[in-house]
Amino acid sequence: IYWPIMLHALGFPDEQMPKFLVHGWWNMGGTKMSKSLGNVIDPDELANKYSEEALRYYLMSDIVTGKDSDFSEERLIERYNADLANSLGNLLNRSLNMASRYCSAGLSRGETPAAENSLDTLVRGFVQLAGEYAISLSLENSLQIAREANQFIEQTAPWKMAKQGMDGAVAEVIYDLAERLRIIAILVSPVLPQAAHGIFDQLHWKMELSGREDRFSLGEAEWGELPDGHVVGKPVPLFPRIEPEAG
């Protein structure tokens, strides 16, 4: 309300009025944060306690842009463990462990998978939602790719395929998993830059751009960018579980 009034007073016409993306109130227990009530949170303290990325992910995924929300430290832990440790982190560890065990000679691109349609739909949905500043929903699309990839592992059971001597099929399955991880890293990089670099590092992808923002390009968020025969690295846990404090 006040900002447009001040800009109008300065002479800004409506057609030149800049747009602001404004979040809602962050409440504690349904009450607006207030120093007098003593219910103010310290973001630096939380970042030191849980990591900057855990805090940023919670704020961007669980607190909807433009609406009032209750801040909950317990909810931060729940979202981090469910989405990052159990889903994305588990996918990364399982995929690279299987790659190390079954595909030391490299992955096999194979045929375009049937799941590509679902993947393309989720990526296009991410782009649209992010363009509408629906960041929490766009992140949900990114994590849905991880969930579907974890389901894909259970459906294909590469360890059983390996016992049956289906080495080529195993290499194709793990290639598909690596591609999904690469795409997820691109999509989450604005919110989880350190984790995104960690995923690319473990995939041995674009190492010459390690640590640089231009390592991630939305235009490359489509299946099939990794070359045939690509060799990935070994997993390093990126999202260790947070254990709630006893009490």
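Treat the numbers as computed from the prediction; the structure is a model and nothing was measured.

Asker: Talk me through the sheet that holds strand β3 (residues 69-70); I want residue IDs and the actual numbers.
Answerer: Across the sheet, which stays open at both edges, the three strands sit in the order β2-β1-β3 with mixed pairing between neighbours. In this open sheet, the two edge strands, each paired with only one partner strand, are β2 (31-32) and β3. Sheet topology places strand β1 (residues 26-28) next to β2; two bridges connect them, and they run antiparallel. Its bridge partner lying in β2, N27 is registered against K32.

Asker: Requested: an account of the pattern of salt bridges, with residues and values cited.
Answerer: Any two side chains of opposite charge can pair if their charged atoms end up close together. Scanning all chains against the criterion turns up 16 salt bridges. A salt bridge links R94 to E154, with the shortest nitrogen-to-oxygen separation between them at 2.5 Å. On the criterion of sequence distance, the pair formed by R94 in helix α4 (residues 73-102) and E154 in helix α6 (residues 135-156) is long-range, its members being 60 residues apart. The exposure class of E154 is partly exposed, given its relative accessible area of 47%. A salt bridge links R124 to D120, with the shortest nitrogen-to-oxygen separation between them at 2.9 Å. Within this pair, R124 and its partner D120 are both found in helix α5 (residues 116-131), separated by four residues, close to a single helical turn. For D120, a relative accessible area of 39% gives the class partly exposed. Each of the salt bridges in this network shares a partner with another, and the network as a whole consists of D62, R75, E78, R79, D83, E140 and R147.

Asker: Mind laying out the packing of α4 against α6, listing which residues take part and the relevant values?
Answerer: Two elements in contact, α4 and α6, have axes whose closest approach is 10 Å; the angle formed by their N-to-C orientations is 45 degrees. In terms of orientation, α4 lies oblique with respect to α6. In this structure, α4 meets α6 at a crossing whose hand is left-handed. For the pair α4 and α6, the contacting residues are R79, D83, N86, S87, L88, N90, L91, R94, S95 and M98 in the first and E140, L143, A146, R147, A149, N150, I153 and E154 in the second. Residue classes in the contact of α4 with α6 are distributed as seven nonpolar, five polar and six charged.

Asker: I'd like to hear about the nonpolar core, residue by residue, with values.
Answerer: Core analysis: the biggest nonpolar cluster contains 65 residues, and L88, L91, L107, I145, L177 and L203 have the highest contact counts within it. Taken together, the elements giving at least two residues each to this core come down to α2 (43-50), α3 (52-62), α4, α5, α6, α8 (167-188) and α9 (193-203). Broken down by element, the residue count for this core peaks at 14 residues, all from α8. Excluding its chain neighbours within four sequence positions, the residues that come into contact with L107 are A99, A171, I174, Y175, A178, D228, G229, H230 and V232.

Asker: Describe in detail a nonpolar patch on the surface, supporting the description with residues and values.
Answerer: Together, I1, Y2, W3, I5, M6, F20 and V22 give the surface a local cluster of nonpolar side chains, amounting to about 880 Å² of exposed area. When you line up the elements, M6 lands in helix α1 (residues 2-9). M6 sits in the partly exposed class, given a relative accessible area of 47%.

Asker: Give a detailed account of unusual backbone geometry, specifying residues and quantitative values.
Answerer: Phi at Y133 takes a positive value of approximately 65 degrees, unusual for a residue other than glycine. Considering the arrangement of structural elements, one finds Y133 in the loop between α5 and α6. Positive phi outside glycine occurs at H204, with the angle close to 55 degrees.

Asker: Before we move on, can you summarise the packing of aromatic side chains with the specific residues and values?
Answerer: With the rule as written, the count across this model stands at four aromatic pairs. Consider the rings of Y58 and F71, whose centres lie 5.3 Å apart with planes at 85 degrees: the pair is edge-to-face. With Y58 in helix α3 and F71 in the loop between β3 and α4, the pair connects residues that are 13 residues apart, well separated along the chain. Note on accessibility: Y58 and F71 belong to one class, buried. Taking 6.3 Å as the distance between ring centres and 75 degrees as the angle between the ring planes, the aromatic pair formed by Y80 and F239 counts as edge-to-face. Of this pair, Y80 sits in helix α4 while F239 sits in the segment after α9, and the two are 159 residues apart along the sequence. What makes F239 buried here is its relative accessible area of 9%. When the ring centre of F152 is taken as origin, the NZ or CZ atom of R180, which lies over that ring, is 4.7 Å away.

Each value, and the rule that gives it
- Residues numbered from 1 in each chain as written.
- Predicted model: local features only at pLDDT ≥ 70, side-chain atom pairs only at ≥ 80, totals over all residues.
- Heavy atoms only, no water.
- Pairing = 2+ DSSP bridges.
- Helix = DSSP H or I, 4+ residues; strand = E, 2+ residues; numbered from the N terminus.
- Salt bridge = Lys/Arg side-chain N within 4 Å of Asp/Glu carboxyl O.
- Buried < 20%, exposed > 50% of the residue type's maximum accessible area, 1.4 Å probe, protein only.
- Axes fitted to C-alpha atoms, helices over the stretch in contact; angles between N-to-C directions.
- Parallel < 35°, antiparallel > 145°, perpendicular 65-115°, else oblique.
- Left-handed = near helix turned anticlockwise from the far one by under 90°.
- Contact = heavy atoms within 4.5 Å.
- Nonpolar A, V, L, I, M, F, W, Y, C, P; charged D, E, K, R; others polar.
- Core = buried A, V, L, I, M, F, W, Y, C linked by side-chain atoms within 4.5 Å.
- Patch = residues over 30% accessible without salt bridge, like charges linked within 9 Å, V, L, I, M, F, W, Y side chains within 5 Å.
- Areas by Shrake-Rupley, 256 points an atom, 1.4 Å probe, with all protein chains shown as cover.
- Phe/Tyr/Trp six-rings, centres within 6.5 Å; stacked < 30°, edge-to-face > 60°.
- Lys NZ or Arg CZ within 6 Å of the ring centre and 35° of its normal.

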